[in-house]
Amino acid sequence: MRKTTLLSTALICLAMLSSCGDKPEVPAGDPNTKSSGSVFAMDTYMTVTAYGDDREAGVSAATEEMTRLEKLWSVTDEQSEIYAVNHAGGGSTAVSGETAELLEFALDMHEATGGALDISLYPVLRAWGFTTGEYRVPDEEEIASLLEKTGAEKISLGDNTVTLPEDMEIDLGAVAKGCAGDKAVAALKEQGVECAILDLGGNIQTLGETKPDGTKWKIGIRDPYGEGSAATLETGEGAVITSGGYERYFEQDGKVYKHILDPKTGRPAESGLASATAIGDEGRYCDALSTSLYVLGAEGAEELWRKRGDFDMVLICEDGSFVITEGIEQSFQLTVPAELKVLRK
Ligand code: ADP
Ligand code: MG
């Protein structure tokens, strides 16, 4: 009798170990069975892969969530809340709680990064053609006058209202995908999913500390100078989010212009980094960070990491060398020969 109890306890423990969450459930189907779904939203091909019995419902809920958020936060959709904010002619606009929350977060990150993250660069991005693909290099005078229309500190948030000075326009491109990832993960959980991975073009977010087979998630860090990945990272639940100049750029007269701008100069950031990856618990935080780290460069990124201490990072420098933080030292592996520096506290 006692033996049987011990045996069943052991079996339950095994079931718990091989599943993602902490609910001791006997799976009805093979927990390794997965379903995927894709959606094109936020200018990105997004794929959700979920495991377990509730996977199909989870994938649908997650992709629907991303489509819903794109409608809410699009700069170009005339029905979006951001469009309304941008076309209020200096007046106040009422927005939903979730938009207000993301705006407040973006303004906090503007301050925390010394202005490296700035959601008010839209007029400058447009002048460079990054919003349409009709690229051009604006002259110094044009950039100087456009920069007068920027500065996230001029945005004021009330009780679910936003007010921009006339002529200012915002774009949540640097944080929306990460936040949408968080909300998609929440939608998956709501459907009962305990294991899932989201690939939102350079943004990877996971649900569950391991895959159903008990192994960690293995995530590739893209090689900015070639095909495939330059390194891999094994992680638990969380976000691994990369910003790189290779995502969107154009070339003119032998010079390459990339889509992440330095808010101080109004020109593509030239900080010496080819890409910056932020690793942490929350998608929106890592998304804000990856853009900021890219703008700040290796030195500024290290300073921010020391100050905040609540994320890890992988920086790929333009000379091909890597900088990583100690928290991921054991789980990080180079797949190309390169110099590697580990930052320690
Ligand atoms: P991606 O969206 O390509 O994955 P990011 O998260 O780094 O990359 O966001 C880059 C986008 O954010 C740009 O396409 C642009 O719309 C906007 N952007 C560019 N520079 C900045 C900046 N310094 N701060 C905030 N947003 C920016
Ligand atoms: Mg970002």
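Model, not experiment: these values are computed from the prediction.

1. So, the sheet that holds strand 5 (residues 161–163)
Inference 1: Ordered in space as 3-5-4, the three strands form an open sheet in which the pairing is antiparallel. The strands lining the two open edges of the sheet, one partner per strand, are strand 3 (92–94) and strand 4 (156–157).

2. Digging into the packing of helix 7 (residues 176–190) against helix 8 (residues 283–308)
Inference 1: Orientation of helix 7 relative to helix 8, taken along the N-to-C sense of each, is 165°, at an axis distance of 7 Å. With respect to helix 8, the element helix 7 is oriented roughly antiparallel. In the crossing of helix 7 with helix 8, the sense of the turn from one axis to the other is right-handed. Packed against helix 7, whose contacting residues are Ala176, Lys177, Gly178, Cys179 and Asp182, the element helix 8 presents Gly283, Arg284 and Asp287 at the interface.

3. Overview of the nonpolar core
Here is a general trend for soluble globular proteins: nonpolar side chains tend to be buried in one another's company.
Inference 1: In this structure, Trp73, Ile155, Leu172, Leu188 and Leu293 are the most contacted members of the largest nonpolar core, which totals 68 residues.
Inference 2: Sorting elements by how many residues they give to this core places helix 8 first, with 10 residues.
Inference 3: Looking at this core, you find at least three residues from each of domain 1 (11–71 + 175–343) and domain 2 (76–163).
Inference 4: The contacts of Leu293, once residues within four sequence positions are left out, are Leu273, Ala276, Thr277, Ala278, Ala301, Leu304, Phe311, Met313 and Leu315.
Inference 5: Counting residues in hydrophobic clusters, the runner-up holds 18 residues, among them Ile197, Val240, Ile279 and Ile324.

4. Focus on the coordination of the magnesium ion (ligand 2)
Inference 1: For the magnesium ion (ligand 2), the full set of protein donor atoms is Ala174 (O), Asp287 (O), Asp287 (OD) and Thr291 (OG1), at a range of 2.1 to 2.5 Å.
Inference 2: Donor residues for the magnesium ion (ligand 2), ordered by position in the chain, follow A-x112-D-x3-T. Taken as a pair, Ala174 in the loop between strand 5 and helix 7 and Asp287 in helix 8 lie far apart in primary sequence, 113 residues in all.

5. Quick word on the site of ligand 1
Inference 1: Around ligand 1, 19 residues are found, and the nearest of them are Lys177, Ser243, Leu261, Asp287 and Thr291.
Inference 2: At 3.0 Å, a backbone N or O of Ala116 approaches a nitrogen atom of ligand 1.
Inference 3: Within the contact set of ligand 1, a nitrogen atom lies 2.8 Å away from a backbone nitrogen or oxygen of Leu261.
Inference 4: With three residues, helix 8 is the largest single contributor of residues to the shell around ligand 1.
Inference 5: By residue class, the composition of the shell around ligand 1 is nine nonpolar, four polar and six charged.
Inference 6: Of the domains in this structure, domain 1 (11–71 + 175–343) and domain 2 (76–163) are the two that each give at least three residues to the shell around ligand 1.

6. Brief notes about helix 2 (residues 55–73)
Inference 1: Between its first and last C-alpha, helix 2 extends 27 Å over 19 residues, near the 27 Å set by a 1.5 Å rise per residue.
Inference 2: Of all the residues in helix 2, the buried ones are Arg55, Gly58, Val59, Ala61, Ala62, Thr63, Glu65, Met66, Leu69, Leu72 and Trp73.
Inference 3: On its buried face, helix 2 sits against strand 1 (34–41), strand 2 (44–51), helix 3 (81–86), helix 4 (97–112), helix 7 and strand 6 (196–200).

7. Section: the sheet that holds strand 1
Inference 1: Spatially, 1-2-6-7-10-15-16-17-19 is the arrangement adopted by the nine strands of the open sheet, whose pairing is mixed. A strand with exactly one partner marks an edge of an open sheet, and here the two such strands are strand 1 and strand 19 (340–343). Taken pair by pair, the neighbouring strands of this sheet meet at an average axis angle of 10°, ignoring direction.
Inference 2: Taken together, the six bridges between strand 10 (residues 238–244) and strand 15 (residues 273–280) define a ladder with antiparallel strand orientation. Paired with Thr242 across the bridge in strand 15 is Thr277.
Inference 3: Lying on the sheet, helix 7 is in contact with strand 2, strand 6, strand 7 (203–207) and strand 10; it crosses strand 7 at an angle near 25°.
Inference 4: Set on the sheet, helix 8 makes contact with strand 7, strand 10, strand 15, strand 16 (312–317), strand 17 (322–325) and strand 19; between it and strand 15 the angle comes to about 120°.

8. As for the domain arrangement of the chain
Inference 1: Domain annotation of the chain identifies domain 1 (11–71 + 175–343) and domain 2 (76–163).
Inference 2: On a C-alpha basis, the centres of domain 1 and domain 2 stand 24 Å from each other.
Inference 3: Contact residues are listed per partner, giving 32 residues for domain 1 and 26 residues for domain 2.
Inference 4: Summed over both partners, the interface of domain 1 with domain 2 comes to about 2,500 Å²; 67% of that surface belongs to carbon and sulfur atoms.

Rules of the game
Numbering of residues starts from 1 in every chain and runs along the sequence as written. A letter from A marks each chain and a number from 1 marks each ligand, given out in the order of writing. Selection of residues for local features in this predicted model requires a pLDDT of at least 70, selection of side-chain atom pairs for listing and counting requires 80 or more, and totals for whole chains, interfaces and linings are taken over all residues. Hydrogens and water are ignored here; the side-chain numbers use all heavy atoms of the structure. Whether two strands pair depends on DSSP finding at least two bridges between them. Comment: elements are numbered from the N terminus, with helices defined as DSSP H or I runs of at least four residues and strands as E runs of at least two. Axis geometry follows a simple rule: fit a line to the C-alpha atoms, using only the stretch in contact for helices, then measure angles between N-to-C directions, giving values from 0 to 180 degrees. For classification purposes, an angle smaller than 35 degrees is called roughly parallel, one larger than 145 roughly antiparallel, one from 65 to 115 roughly perpendicular, and anything else oblique. For any helix crossing, the convention is left-handed if the near helix is rotated counterclockwise from the far helix by under a right angle, and right-handed if that rotation is clockwise. Here a residue-residue contact requires only that any non-hydrogen atoms of the pair lie within 4.5 Å. Nonpolar core, defined: a set of buried Ala, Val, Leu, Ile, Met, Phe, Trp, Tyr and Cys residues in which side-chain atoms within 4.5 Å join the residues together. When accessible area is computed with a 1.4 Å probe and restricted to protein chains, residues below 20% of their type maximum are described as buried, those above 50% as exposed, and intermediate ones as partly exposed. Bear in mind that the domain bounds are from an automatic or database domain assignment. The rule for donors is simple: an N, O or S atom within 2.8 Å of the metal counts, and for Na, K and Ca the reach is 3.2 Å. Water is not among the atoms, so a site may look short of donors. For this purpose, a residue is taken to be near a molecule or strand whenever a single non-hydrogen atom of the residue falls within 4 Å of it. Pairs of N or O atoms within 3.5 Å make up the polar contacts considered here, provided that, within protein, one atom can donate a hydrogen while the other can accept it, and that residues adjacent in sequence are counted only when both atoms are side-chain atoms. Nonpolar residues are Ala, Val, Leu, Ile, Met, Phe, Trp, Tyr, Cys and Pro. Charged residues are Asp, Glu, Lys and Arg, and all others, Gly as well, are polar. How far a helix is expected to stretch is found by multiplying one less than its residue total by 1.5 Å. Note on definitions: buried area is the accessible-area loss of two parts on being combined, 1.4 Å probe, summed for both.

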